[in-house]
Amino acid sequence: MSTGSLVLDAQEQSWPLDKPFRIARGTRTEARVVVVTVTDGRYTGRGEATPIARYGQSAASVLAQIESMKSEKSLDRQQIQKLLPAGAARNALDCALWDLEAKISGKRAWELANMPIVPEVETSFTISLDAPAAMAEAARADANTPILKLKLGGDDVDLARVEAVREAAPSARLLIDANESWSPSHYREIVPALRGLGVELIEQPFPSDADEVLETLDHPVPVCADESCHTSADLPGLTHRYEVVNVKLDKTGGLTEALLLCERAREAGFKLLIGCMVCTSLGIAPARLLPSASDYVDLDGPLLLAGDRHHRLSYQNGKIGIPSRELWG
């Protein structure tokens, strides 16, 4: 399979959110994604990625990277691992090539990857950063969701936010995500209380360039690397700092490297959280292959949108179904 005969196309799309989504770094009202299509004239594969400002990406930079691939004589998944850096552009292209391969072969992507697929997986639902009462109200509105992930901000209201949500959703499992917003003193101050509230996971408390402090702190609640973990090459530096790694296709640069990261992380003794950016079902579908080997799943991106694609993934009672052939893979 090569671009000798493949036509490559990419476009930016905007998908409005159901309501504004806020994390420690800022607020958004839409999901801006880039969709890549590759076609051999008979079959077409699609992939979606979300450019991430935190990593210096924009729709323009991602489209330019994909444009640069059009001149390549032959293009396959192994080759683009070398030609493009890990990130959104490689993710969209890698996933489009997986989809095309599935369409041409008549097999599903997980068969090509030689992986088991589970009929449904339980995902957490993310509650965006807000005042404690507003986050509690959001938790009540999602009372049937088995796992809630709370965005925290590193200020003196963090503990009150978690207490309010715990009161509103006494039986939900709780994960929290600080998006690099905490200080070591904030961590020391609130983590014991978070453990008492039944919090199971703390995601990326410190900036990725200042997370060595984790080697000196107690971990009564397991700590998960997100911004500190992009690809399998990052794993050696995480060993004494984190117990869990967050695998996102927009960070790994596609399913190909995500599969490798999952395998290597397991071998190194890490637990796995499969995560996502705010995106449509097309962005989630390839990541949906990974949960059969993971401990936590946070693939709720489409649930934050006002509308989703045709042939969208099925989300029912916190569980995600298998993607249809029409959607992806």
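Residues numbered from 1 in each chain as written. Predicted model: local features only at pLDDT ≥ 70, side-chain atom pairs only at ≥ 80, totals over all residues. Heavy atoms only, no water.

Trainee: Could you clarify how one ought to interpret the overall build of the protein in this entry?
Mentor: Assigned secondary structure in the protein consists of 10 helices and 14 strands. Against the globule reference of 20 Å for 329 residues, the protein gives a C-alpha radius of gyration of 19 Å, in line with a compact fold. Reported as C-alpha extents along the three principal axes, the dimensions of the protein are approximately 60 × 40 × 35 Å. Charged side chains of the protein number 35 positive and 46 negative; the gap between the two group centres comes to 4 Å. (Helix = DSSP H or I, 4+ residues; strand = E, 2+ residues; numbered from the N terminus. Rg over C-alpha atoms; globule rule 2.2 N^0.38 Å. Lys, Arg positive; Asp, Glu negative; His and termini not counted. Charge placed at Lys NZ, Arg CZ, Asp CG, Glu CD.)

Trainee: What am I meant to see in the sheet that holds strand 7 (residues 173-177) here?
Mentor: Within a beta sheet, neighbouring strands are joined by backbone hydrogen bonds and run either parallel or antiparallel to one another. The strand order 5-6-7-8-9-10-11-12 describes an open sheet built from eight strands, whose pairing is parallel. Lying at the two open borders of the sheet, with one neighbouring strand each, are strand 5 (125-127) and strand 12 (296-297). In this structure, strand 10 (residues 244-247) lies alongside strand 11 (residues 271-274), joined through four bridges in parallel fashion. Looking at the pairing, Val245 lines up with Leu272 of strand 11. Each of strand 7, strand 8 (199-203) and strand 9 (223-225) is contacted by helix 7 (residues 184-196), which is oriented at about 150 degrees to strand 8, the strand it contacts most. (Pairing = 2+ DSSP bridges. Contact = heavy atoms within 4.5 Å. Axes fitted to C-alpha atoms, helices over the stretch in contact; angles between N-to-C directions.)

Trainee: What is the right way to read the packing of helix 6 (residues 158-168) against helix 7 from this model?
Mentor: When two helices pack together, you describe them by how their axes are tilted relative to each other and by the distance separating the axes. Axis separation between helix 6 and helix 7 bottoms out at 10 Å; the angle between their running directions is 15 degrees. Regarding the angle of helix 6 to helix 7, the classification is roughly parallel. Relative to helix 7, helix 6 is oriented so that their crossing is right-handed. Each of Asp158, Leu159 and Val162 in helix 6 lies in contact with helix 7, whose residues at this interface are His186, Ile190, Ala193 and Leu194. Residue composition of the contact of helix 6 with helix 7, by class: five nonpolar, one polar and one charged. (Parallel < 35°, antiparallel > 145°, perpendicular 65-115°, else oblique. Left-handed = near helix turned anticlockwise from the far one by under 90°. Nonpolar A, V, L, I, M, F, W, Y, C, P; charged D, E, K, R; others polar.)

Trainee: Can you help me understand helix 6 in this one?
Mentor: Structurally, the α-helix is built with 3.6 residues per turn, so residues lying three or four positions apart point the same way. Regarding helix 6, the residues found buried are Asp158, Arg161, Val162, Ala164, Val165, Arg166 and Ala168. Those residues of helix 6 that are buried are in contact with helix 5 (132-141), strand 6 (147-151), strand 7, helix 7 and strand 8. (Buried < 20%, exposed > 50% of the residue type's maximum accessible area, 1.4 Å probe, protein only.)

Trainee: Hey, could you run me through the environment of Pro205 in this one?
Mentor: Tracing the backbone shows Pro205 in the loop between strand 8 and strand 9. Along the primary structure Pro205 and Asn179 are separated by 26 residues, whereas in three dimensions their C-alpha atoms are 6.4 Å apart. In this structure Pro205 touches Ala178, Glu180, Ser181, Trp182, Tyr187, Leu214 and Val223, once residues within four positions along its chain are discounted.

Trainee: Teacher, can you tell me more about the nonpolar core here?
Mentor: Side chains of a nonpolar character, in soluble globular proteins, are inclined to be buried together. Formed by 78 residues in total, the largest nonpolar core has its most connected members in Leu148, Val162, Ile176, Trp182, Val245, Val247 and Trp328. The element best represented in this core is helix 9 (residues 255-267), accounting for five residues. Apart from residues no more than four positions distant in its own chain, Val162 is found in contact with Leu150, Leu152, Leu174, Ile176, Leu194, Leu197 and Val199. In this structure, Leu6, Leu8, Val34 and Ala89 belong to the second largest nonpolar core, which totals 20 residues. (Core = buried A, V, L, I, M, F, W, Y, C linked by side-chain atoms within 4.5 Å.)

Trainee: It is not clear to me how the sheet that holds strand 1 (residues 7-23) should be interpreted in this structure. Could you clarify?
Mentor: The sheet built from three strands is open, its strands ordered 1-2-3 with antiparallel pairing. Two strands close off the open sheet at either side, each with one partner strand: strand 1 and strand 3 (44-49). Averaged over all pairs of adjacent strands, the angle between strand axes in this sheet comes to 20 degrees, irrespective of strand direction. With six bridges connecting them, strand 2 (residues 26-39) and strand 3 associate as antiparallel partners. Following the sheet pairing, Thr39 is matched in strand 3 by Thr44.

Trainee: Whenever I open this one, the pairing of strand 10 confuses me. Can you help?
Mentor: Along any regular strand the residues' side chains alternate between the sheet's two faces. Alternating positions in strand 10 separate into two faces, Val244 and Asn246 on one and Val245 and Val247 on the other, with burial throughout. As judged from the two bridges shared by strand 9 and strand 10, these two strands associate in the parallel manner. Within strand 10, the residue paired with Cys224 across the bridge is Val244.

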